[in-house]
Amino acid sequence: MDLAEFSKNLGSDKPAPGGGAAGGLTLSLAAACAQKAMVFSKPENYDEIQKFLEDIRLDGLHFCEEDQRTFIEWQKARKLPKDTDEQKRSEERRVGKEC
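What counts as what
- Residues numbered from 1 in each chain as written.
- Predicted model: local features only at pLDDT ≥ 70, side-chain atom pairs only at ≥ 80, totals over all residues.
- Heavy atoms only, no water.
- Helix = DSSP H or I, 4+ residues; strand = E, 2+ residues; numbered from the N terminus.
- Rg over C-alpha atoms; globule rule 2.2 N^0.38 Å.
- Buried < 20%, exposed > 50% of the residue type's maximum accessible area, 1.4 Å probe, protein only.
- Contact = heavy atoms within 4.5 Å.
- Salt bridge = Lys/Arg side-chain N within 4 Å of Asp/Glu carboxyl O.

S.K.: Looking at this structure, I do not really get the overall build of the protein chain. What am I missing?
M.R.: Check the secondary structure of the protein chain and you find four helices and zero strands. Secondary structure elements of the protein chain occur, N-terminal to C-terminal, as α-α-α-α. Over its C-alpha trace the protein chain gives a radius of gyration of 19 Å, far above what one expects of a compact globule, namely 13 Å for 99 residues. Referenced to the eigenvectors of the C-alpha coordinate spread, the extents of the protein chain come out at roughly 65 × 30 × 15 Å. By the burial criterion, 24% of the 99 residues in the protein chain qualify as buried. Put simply, of all contacts in the protein chain between residues at least 6 apart along the chain, 49% involve residues at least 24 apart.

S.K.: Would you take a moment to explain the side chain of Asn-9 for this structure?
M.R.: Here Asn-9 shows up in helix 1 (residues 3-10). Leave out the neighbours within four places in its chain, and Asn-9 touches Met-1, Lys-14, Ala-16 and Pro-17.

S.K.: Explain the pattern of salt bridges here, please?
M.R.: If the charged atoms of two oppositely charged side chains come close together, the side chains can form a pair. Counted by the stated rule, this structure contains four salt bridges. Between Glu-66 and Arg-69 there is a salt bridge, and its shortest N-O distance comes to 2.9 Å. With Glu-66 and Arg-69 both in helix 3 (residues 46-78) and three residues apart, the pair spans about one turn of that helix. Residue class for Arg-69 comes out partly exposed when judged on its relative accessible area of 37%. For Glu-73, the salt bridge goes to Lys-76, with nearest N and O atoms at 3.5 Å. Separated by three residues within a single helix, Glu-73 and Lys-76 lie in helix 3, roughly one turn from each other.

S.K.: Just checking my understanding: could you explain unusual backbone geometry for this structure?
M.R.: Most peptide bonds take the trans form, and the phi angle of most residues other than glycine is negative. Residues Ala-16 and Pro-17 are joined by a peptide bond in cis, for which omega reads 5 degrees. Here Pro-17 shows up in the loop between helix 1 and helix 2 (19-41). Although it is not a glycine, Lys-42 adopts a positive phi angle of roughly 45 degrees. Summarising the element assignment, Lys-42 is placed in the loop between helix 2 and helix 3.

Right under this line is the structure:
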């Protein structure tokens with residue numbers, strides 16, 4: 001999904017992306033902005049800081065994607081049958097594993 005679609009879906013009634021995904025994307029973009037600043041300032045420990053920021057940037061993207069995936073899975077799990085105690089326990093275990 002490109003940024004225009006992400007932004008449109010974020011402001012819609014669709015279940016995902018939501019606030020967690022937006023937070024992950026924000027983290028990634030902030031790290032990328034810091035990387036850009038580093039390119040022009042070239043501090044003494046440039047390579048170390050760039051690696052640190054790259055890890056944060058990639059983690060933010062991962063958090064963004066995982067938040068969307070896990071929310072959809074959680075939503076699906078909530079729709080499973082819950083008529084018996086065993087079904088309820090089974091659903092609780094499944095939701096716990098998915099999230």
